[in-house]
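Architecture at a glance
What follows is the residue order along each chain.
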Amino acid sequence: LFDAARRELWRKRIATPQRDYAATLAAITALVARARAQAPGTPLSIGIGTPGSPGLDGRIKNANSTCLNGRALQTDLEAALGQPLALANDANCMALSEALDGAAAGAPSVFAVILGTGVGAGIAVGGRVLAGPNGLAGEWGHNPLPSPTDDERPGPPCYCGRRGCIEAWLSGPAIAADHVAHGGAALESLAIASAAAAGDPACAATLARHTERLARALAVVINLLDPDAIVLAGGVSLRPGLLPDLEARIAPHVFGLADDPPLRTRFALAAHGDASGVRGAAWLGHALAPPPPR
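Focus: the overall build of the protein
A tally of helices and strands in the protein yields nine helices and nine strands. The C-alpha atoms of the protein give 20 Å as radius of gyration, which agrees with the globular expectation for 294 residues (19 Å, within 12%). Taken over 294 residues, the protein has a buried fraction of 45%. For the protein, long-range pairs separated by at least 24 residues make up 63% of all intrachain contacts whose partners lie at least 6 apart in sequence. Roughly 14900 Å² of accessible area belongs to the protein as shown, and the carbon and sulfur atoms make up 56% of that amount. Put simply, the protein has 24 plus and 25 minus side-chain charges, and the middle of one group is 7 Å from the middle of the other.

Description of the pattern of salt bridges
Tallying each qualifying case throughout the model produces 11 salt bridges. A salt bridge links R213 to E152; the nearest nitrogen and oxygen atoms lie 2.8 Å apart. Of the two residues, R213 sits in helix α7 (residues 201-224) while E152 sits in the loop between β7 (128-129) and α4 (166-170), which places them 61 residues apart along the sequence. Overall, R213 belongs to the buried group, its relative accessible area being 5%. For E152, a relative accessible area of 5% translates into the label buried. Linked by salt bridges that have partners in common, E152, D178, R209, E212, R213, R216 and R249 make up one network.

Considerations on the environment of L25
By secondary structure assignment, the location of L25 is in helix α1 (residues 21-38). Taking the C-alpha atoms as reference points, L25 and L77, separated by 52 residues in sequence, lie 6.8 Å from one another. Contacts of L25, omitting those with residues within four sequence positions, involve L73, D76 and L77.

Quick look at the nonpolar core
Ranked by size, the top nonpolar core spans 35 residues in total, and within it F111, W140, L170 and L218 carry the most contacts. Those elements giving two or more residues to this core turn out to be β5 (109-115), β6 (119-125), α4, α6 (189-197), α7, β8 (229-233) and α8 (242-250). Among the elements that make up this core, the one with the highest residue count is α7 (nine residues). The contact partners of L170, leaving out residues within four places of it in the chain, are L115, V119, W140, H210, R213, L214, A217 and V236.

So, helix α2 (residues 73-81)
Residues of α2 that are buried include every one of L73, L77 and L81, and no others. The arc that holds the buried residues of α2, viewed along the axis, is 50°, so those residues lie on one side. Exposed positions of α2 whose direction lies more than 90 degrees from the buried face are T75 and A79.

Quick look at the pairing of β5
Extensive coverage of β5 is indicated by the burial of six of its seven residues. Note: β5 against β6, seven bridges, orientation antiparallel. The residue bridging S109 from the neighbouring strand is V125, located in β6. Where β5 folds back onto β6 in an antiparallel hairpin, the turn is made up of three residues. Both β5 and β8 contribute to a ladder of five bridges, which runs parallel. Pairing of I114 across the sheet is with A233, part of β8.

A closer look at the sheet that holds β5
Two pairing modes exist for strands in a sheet, parallel and antiparallel, and in both the strands are linked by backbone hydrogen bonds. Ordered in space as β7-β6-β5-β8-β9, the five strands form an open sheet in which the pairing is mixed. At either end of the open sheet lies a strand with only one pairing partner, and these are β7 and β9 (266-269). The sheet contact formed by β8 and β9 spans four bridges and is parallel. Among the inter-strand pairings, L232 is bridged to a residue of β9, identified as L269.

Parameters and conventions
- Residues numbered from 1 in each chain as written.
- Predicted model: local features only at pLDDT ≥ 70, side-chain atom pairs only at ≥ 80, totals over all residues.
- Heavy atoms only, no water.
- Helix = DSSP H or I, 4+ residues; strand = E, 2+ residues; numbered from the N terminus.
- Rg over C-alpha atoms; globule rule 2.2 N^0.38 Å.
- Buried < 20%, exposed > 50% of the residue type's maximum accessible area, 1.4 Å probe, protein only.
- Contact = heavy atoms within 4.5 Å.
- Areas by Shrake-Rupley, 256 points an atom, 1.4 Å probe, with all protein chains shown as cover.
- Lys, Arg positive; Asp, Glu negative; His and termini not counted.
- Charge placed at Lys NZ, Arg CZ, Asp CG, Glu CD.
- Salt bridge = Lys/Arg side-chain N within 4 Å of Asp/Glu carboxyl O.
- Core = buried A, V, L, I, M, F, W, Y, C linked by side-chain atoms within 4.5 Å.
- Arc of directions from axis to C-beta.
- Pairing = 2+ DSSP bridges.

Pasting the structure below:
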């Protein structure tokens, strides 16, 4: 809950109900009720960040929280909450938050990446979310990994039904699977990062492969969009040394920069951490709020 000056007044975080659409609606409705109780008598705007995005018919598509797919999430929530609300892809919300007052504040164009259980991205230009006519702007995670090596073809399966998606290579679970595929123990990505920091060569090699793949994937973004800033968020982004390793590897994959460094793109970690998407959703909701009475 924020005031009009973007000062945080209250927050609450709960676990997302798994594979249960009705429970998801109930959880959001309960959270909004608790927020309203913090400001009794004050009309509140509401913004929602969601995996996936609404299609032309208003139903969610491309969400890795698959219980949302095919559902009229915005319509159902507006009916449950009794008011209009803003709804956008969570990575788009994160891009907006970081572009307005986060790690990329003031940057004309921002590409914001979430590296976590899934992989997504959003774009903000001039302090506004770029969604596109199909609602697909920033759907970076479900493009094929660029320049795959022979041992990267056809790539691991992705929940979307394809193989070799960027998400299937760069998410936290993907790091764990790649470590096992190269003879390592069954470890979660955070444990791999900790072991690598402690000097484990196999874990360090796993992270090196991940960074190289991330460099290839982001080089395509620079070739296509050339954003002023790229902001990384999500649990995977927090592993020690990721940003300097990434910056050291990416230039050779950017068109025309192999022999002409330095790369001028600014890289940063999200200033607002894993709350950044929620903050961006709040600003989207605020844009719907009616002007105060005179």
